[in-house]
Amino acid sequence: MQKRWSRILTLTLGIPLLLSLLVACGAGTTTTTTSTQATKTIKIGSDFPVSGKDESTGLPAQDGAQYAVDEANSQNFLPGYTFVLDHKDDVGPSGAHDSAVALKNYNDLIGDAEVAGVVGPINSSVAQAVMSTTNQAPIAMISPANSNDCLTQDTPSWECTGSNELVQKVRPTGKVTYFRTSTRDQYQGGALAEYAYKTLKYHSAFVIDDTETYGAGLAKNFIHTFHDVLGGTITNGTSTSIKVQNDYSNVLTTAASQHPDVIFFGGNDSTGGDTIREQMSKVSGLEKTPFMLGDGSKTSSFAKAIIPLAGGPVYGSALGVDVNSSQSSKAKTFLDGYKKKYGADAYGAYTGGGYDDTWILIQAIKAAIGKKAAPPADSNSSAQAKTFRQAVIDAIKQTSYDGATGHQSFDANGDTINKTVSIFTLGKVGVADGWKFLTAVTPSS
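Below is a short write-up of the structure. Fair warning: this is a prediction, and the values are worked out from it, not measured in the lab. (Residues numbered from 1 in each chain as written. Predicted model: local features only at pLDDT ≥ 70, side-chain atom pairs only at ≥ 80, totals over all residues. Heavy atoms only, no water.)

### Structural notes on the nonpolar core
Ile 44, Phe 83, Phe 334, Ile 365 and Ile 396 are the most contacted members of the largest nonpolar core, which totals 49 residues. Those elements that place two or more of their residues in this core are strand S1 (40-48), helix H2 (55-74), strand S2 (81-89), strand S3 (115-119), strand S4 (140-143), helix H11 (329-342), helix H12 (351-370) and helix H13 (382-397). Among the elements that take part in this core, H12 stands out by supplying nine residues, more than any other. Each residue touching Ile 396, except ones within four places of it in the same chain, is listed here: Ala 140, Phe 179, Ile 360, Leu 361, Ala 364 and Phe 410. Core analysis: the second largest hydrophobic core is formed by 25 residues, Leu 192, Ala 219, Phe 226 and Ile 234 among them. (Core = buried A, V, L, I, M, F, W, Y, C linked by side-chain atoms within 4.5 Å. Buried < 20%, exposed > 50% of the residue type's maximum accessible area, 1.4 Å probe, protein only. Helix = DSSP H or I, 4+ residues; strand = E, 2+ residues; numbered from the N terminus. Contact = heavy atoms within 4.5 Å.)

As structure tokens, then:
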């Protein structure tokens, strides 16, 4: 009797087990289908200088973009899809950003139908080289750092005339496909000039630029506000343009003979910023002369190289709100998570912008799909990619986004409406990126 009950019990227990196995097999088929749907890929391209001389500028921006992608996936922000960051490095043989390398990167990204849009680049000269290609594709570009005014409009008149009339060249279709969350140089140059003249009481300046799109444009805007608007003196009359080199002793000796209150540099740390400031300490008369520069030199590598040298004060800028000093909950949540993942010293001038730009693109992709635009079935579906990418561009134009860098929306030219510029001075090595926040400026000119 006991054996019989044992058989019955075994059979009773076995039937549910068998059914569960059968259901599991069926569920496995369903799971495979669901998994296939859940892993349908939408790529976001990025193009930053993430190695060589520009690593401390570009890599933190790429990390910010990657953090946004990871966050979106962890939130299951777009059910049925997984976002993938296809990141490219635009550093060339010289060890710095290279327009030819960038153009190849953008063509490769355009050639992959699964890429819905691109975050980047950092440098305005790179943007100038690739914008006509992305405009004709079309594919959305959104940059956290490009600041040259002439990329999007033919004003101001003191900057965007003659060979600097770029809009028709970079926007051959006449349609806006390029966006940026970075404040334009008209406002960055103006903010730096106003801070130098009104706050620091510097009334004469010697100006140098690196000849690149960004550096030359920033120098022109600084001169316009400092001299034309405020009445300050440019001791060398106009900006002295010098391509990156190892020895700036001649121009610095000339500067010293003119006794300026400040030396202003338009350019990147990798195109002269580091070297000029290092060599100032070796030129008689410039040992204590203040040095001022824009966001292209506001990097951790510049801070590490220059802080130990002492000498005169150094002032730099960043485009938009300083995320580290922001009181918004969005900025604090982002910073806490980012620094936990990458480290406190991994934050750079464009980390918050890279993060916000990627989220703006992700939200635009979701909005496009919500309006029935179908993402490409695979990386070879070029016709479908063109239609979907245009839908993403259209969605970006409607952006109203509150992110780590504050509120972002775009005007008819694709420019951010946010004109805030943050001003910094050198701080301590190992504390944040080596720069200390001073104030936020919205220039009057």
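### Thoughts on the pattern of salt bridges
What the rule picks out here adds up to nine salt bridges. Lys 104 is paired through a salt bridge with Asp 108; the nearest N and O atoms lie 2.8 Å apart. Placement of both Lys 104 and Asp 108 in helix H3 (residues 99-111) is noted, with a separation of four residues, approximately one turn of the helix. Residue class for Asp 108 comes out partly exposed when judged on its relative accessible area of 34%. With a shortest N-O distance of 3.6 Å, Asp 415 and Arg 184 are connected by a salt bridge. (Salt bridge = Lys/Arg side-chain N within 4 Å of Asp/Glu carboxyl O.)

### Things to note about the packing of H2 against H12
At a minimum axis separation of 7 Å, H2 and H12 run at an interaxial angle of 40°. In terms of axis orientation, H2 runs oblique to H12. Considering only the axes of H2 and H12, their crossing is right-handed. Along its contact with H2, which presents Pro 60, Ala 61, Gly 64, Ala 65, Tyr 67, Ala 68, Val 69, Glu 71 and Ala 72, the element H12 presents Thr 351, Gly 354, Tyr 355, Thr 358, Trp 359 and Ile 362. Tallied by class, residues from the contact of H2 with H12 come to ten nonpolar, four polar and one charged. (Axes fitted to C-alpha atoms, helices over the stretch in contact; angles between N-to-C directions. Parallel < 35°, antiparallel > 145°, perpendicular 65-115°, else oblique. Left-handed = near helix turned anticlockwise from the far one by under 90°. Nonpolar A, V, L, I, M, F, W, Y, C, P; charged D, E, K, R; others polar.)

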